[in-house]
Amino acid sequence: MAVAEVVVVGSCMTDLVSLTPRLPKAGETIHGHKFFTGFGGKGANQCVQAARLGAKTSMICKVGKDSFGNDYIENFKKNGIPTEFVNQAEDAATGAASIVVNSEGQNFIVIVAGANLLLNSNDLKRAAHVISKAKVMVCQLEISPAISLEAMKMAQASGVKTLFNPAPALADLNQEFYTHSDIFCCNESEAEILTGIAVGNAEDAGRVGCILLERGCKTVIVTLGPEGCVMVSTKAPTPKHVPAQKVTPVDTTGAGDSFVGALAFYLAYYPQLPLEEMVKRSNCIASISVQTTGTQTSYPYRKSLPQNLF
Ligand SMILES: Nc1ncnc2c1ncn2[C@@H]1O[C@H](COP(=O)(O)OP(=O)(O)OP(=O)(O)O)[C@@H](O)[C@H]1O
Ligand SMILES: *[C@@H]1O[C@H](CO)[C@@H](O)[C@H](O)[C@H]1NC(C)=O
């Protein structure tokens, strides 16, 4: 069986997007002018970005036994992601995000996690041999938090690096998530929910990073949108701002997942590279993703990227 260097334990969601002139009121039916579906979910997004950079990956997740689930499995295959641990639940629907966007870009979003919440310990146990041989395990919080934590513990017990993205953030995140994160990567709003400190610039991000180190993380990265990110670690305890290139963003949806997926790729394939260089390259890849519309549709492939990134 093929070995995976990057293993993602996380979510899959189908985005169902309607574009309308305005948002409907309660009980009202309105007509939109465009409908499309998209592949999303933070876990799957991060896995797809890592795979497009050339990583051998494995996705451990749960979809429904429905057409969205079948389509998602096809999407993984098209991206070269093995699906032996993409399980189909009989008793829940594939995760879905129903999104209505008006002409001003304001939105209503309803997420039903569905089958994502049925991913369980047995699913992890069946993948134990793949997890133990990986270089990097990536987890988020769109599945049951207890399962994410269990996956990170399994990884660390086998010497596999853990990259944890606490998204969506929980104010009362179990302390064990910090102590089991080799790299803890969050955005500004997640950093604020976790620490109570508003993050408006690189200096704030550095302060928050230091607090998260005290909670037990080995390395913290706080992403700052157009400003790139700040990194800090127990080994290099002075926060370092790593700026992103100036670009004209078209659609920033999924930029954070592009960043995390790219970082997972570098951690697995270029472990000898200084972290700052990995982060610089991940900024570069994520900043390319914001220049095209859509989520996974905006993630670049290795062949279209400058070869000095590899
Ligand atoms: N406008 C931008 N210009 C250049 N790079 C960007 C821009 N927005 C995002 N990025 C890149 O993407 C990374 C992640 O962005 P951000 O901090 O906004 O994550 P996020 O909030 O999780 O993303 P999302 O939009 O998916 O919620 C940044 O660290 C940066 O590298
Ligand atoms: C951070 O990520 C969350 C998803 O966890 C998203 O809802 C939020 O808008 C992001 N914040 C910023 C500042 O981009």
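Summary of the structure given here. (Residues numbered from 1 in each chain as written. Chains lettered and ligands numbered in written order. Predicted model: local features only at pLDDT ≥ 70, side-chain atom pairs only at ≥ 80, totals over all residues. Heavy atoms only, no water.)

## Notes on the site of ligand 1
No. 1: For ligand 1, the set of nearby residues contains 19 residues, the closest of which are T223, G225, G228, T252 and N283.
No. 2: A distance of 2.9 Å separates an oxygen atom of ligand 1 from a polar backbone atom of G225.
No. 3: Here G254 contributes a backbone N or O atom positioned 2.9 Å from an oxygen atom of ligand 1.
No. 4: When the free accessible area of ligand 1 is taken as 630 Å², the share hidden by the protein chains comes to 82%.
No. 5: At the level of elements, α9 (255–269) and α10 (275–289) are the ones that each hand at least two residues to the shell around ligand 1.
No. 6: Counting residues per element, the shell around ligand 1 draws most heavily on α10, at 3 residues.
No. 7: Residues of the shell around ligand 1, tallied by class, amount to 8 nonpolar, 11 polar and no charged. (Near = heavy atom within 4 Å. Polar contact = N/O pair within 3.5 Å; in protein donor to acceptor, adjacent residues only side chain to side chain. Areas by Shrake-Rupley, 256 points an atom, 1.4 Å probe, with all protein chains shown as cover. Helix = DSSP H or I, 4+ residues; strand = E, 2+ residues; numbered from the N terminus. Nonpolar A, V, L, I, M, F, W, Y, C, P; charged D, E, K, R; others polar.)

## Looking at the site of ligand 2
No. 1: Neighbouring ligand 2 are the residues K42, A167, P168, N187, E188, S189 and E190.
No. 2: Here a nitrogen atom of ligand 2 sits 2.5 Å away from a polar atom, N or O, in the side chain of S189.
No. 3: Between ligand 2 and E190, the relevant distance is 2.6 Å, taken from an oxygen atom to a side-chain nitrogen or oxygen of the residue.
No. 4: Within the complex, 48% of the 370 Å² of free accessible area of ligand 2 lies under protein.
No. 5: If one sorts the elements of the shell around ligand 2 by residue count, helix α7 (residues 188–195) sits on top with 3 residues.
No. 6: Looking at side-chain class alone, the shell around ligand 2 contains 2 nonpolar, 2 polar and 3 charged residues.

## Here we look at the packing of α9 against α10
No. 1: Between α9 and α10, the least distance of the axes is 8 Å, while the angle of their chain directions is 140°. What the angle tells us is that α9 and α10 run oblique. You can see that α9 and α10 cross each other, and the crossing is right-handed. Side by side, α9 and α10 meet where A255, S258, F259, A262, L263, Y266 and L267 of the first sit next to L275, M278, V279, R281, S282, N283, I285, A286 and S289 of the second.
No. 2: Residue composition of the contact of α9 with α10, by class: 11 nonpolar, 4 polar and 1 charged. (Axes fitted to C-alpha atoms, helices over the stretch in contact; angles between N-to-C directions. Parallel < 35°, antiparallel > 145°, perpendicular 65-115°, else oblique. Left-handed = near helix turned anticlockwise from the far one by under 90°. Contact = heavy atoms within 4.5 Å.)

## A few points about the nonpolar core
No. 1: Among the nonpolar cores identified, the biggest contains 48 residues, and M59, F76, L163, I221, L263, Y266 and V279 are the most heavily contacted of them.
No. 2: Counting residues per element, this core draws most heavily on α9, at 9 residues.
No. 3: Apart from residues no more than four positions distant in its own chain, L163 is found in contact with V136, M137, V138, C139, I183, C185, V260, L263, A264 and L267.
No. 4: Judged by nonpolar contacts, the second largest core, of 41 residues, contains C139, L149, F164 and F177. (Core = buried A, V, L, I, M, F, W, Y, C linked by side-chain atoms within 4.5 Å. Buried < 20%, exposed > 50% of the residue type's maximum accessible area, 1.4 Å probe, protein only.)

## Details of the sheet that holds strand β9 (residues 161–164)
Hydrogen bonding along the main chain pairs the strands of a sheet, whether they run parallel or antiparallel.
No. 1: With respect to topology, 9 strands assemble into an open sheet ordered β5-β4-β1-β8-β9-β10-β11-β12-β13, the strand pairing being mixed. Each edge of the sheet is formed by a strand with only one pairing partner; in this case those strands are β5 (86–89) and β13 (240–242). Pairwise comparison of adjacent strand axes, ignoring direction, gives a mean angle of 20° for this sheet.
No. 2: Summarising the sheet, strand β12 (residues 229–233) and β13 pair through 3 bridges and their orientation is antiparallel. Following the sheet pairing, V230 is matched in β13 by H241.
No. 3: Packed onto the sheet, helix α1 (residues 42–52) meets β1 (6–9), β4 (57–64) and β8 (136–139) and runs at close to 150° relative to β4. (Pairing = 2+ DSSP bridges.)

## Section: the packing of aromatic side chains
The relative placement of two aromatic rings is captured by the distance of their centres and the angle of their planes.
No. 1: For the structure shown, the criterion picks out 10 aromatic pairs.
No. 2: Aromatic side chains F39 and Y72 sit 4.9 Å apart centroid to centroid with 70° between the ring planes, which places their arrangement in the edge-to-face category. Placement of the pair is F39 in strand β3 (residues 34–40) and Y72 in helix α2 (residues 67–78), with a sequence separation of 33 residues.
No. 3: The class for F39 is partly exposed, based on a relative accessible area of 30%.
No. 4: Between F164 and F177 the ring centres are 4.8 Å apart and the planes differ by 20°, which places this aromatic pair in the stacked class. In this pair, F164 is assigned in strand β9 and F177 in helix α6 (residues 176–179), connecting sequence segments 13 residues apart. This pair shows no difference in class: F164 is buried, exactly as F177 is.
No. 5: Members of the aromatic cluster, connected to one another through ring pairs, are F265, Y266, Y269, Y270 and F310.
No. 6: Its end group placed over the ring of F310, R302 keeps NZ or CZ at 4.2 Å from the ring centre.
No. 7: We note K303 situated over the ring of Y301; from NZ or CZ to the ring centre the distance is 4.6 Å. (Phe/Tyr/Trp six-rings, centres within 6.5 Å; stacked < 30°, edge-to-face > 60°. Lys NZ or Arg CZ within 6 Å of the ring centre and 35° of its normal.)

Note that all results are geometric; they support no functional claim without further evidence.
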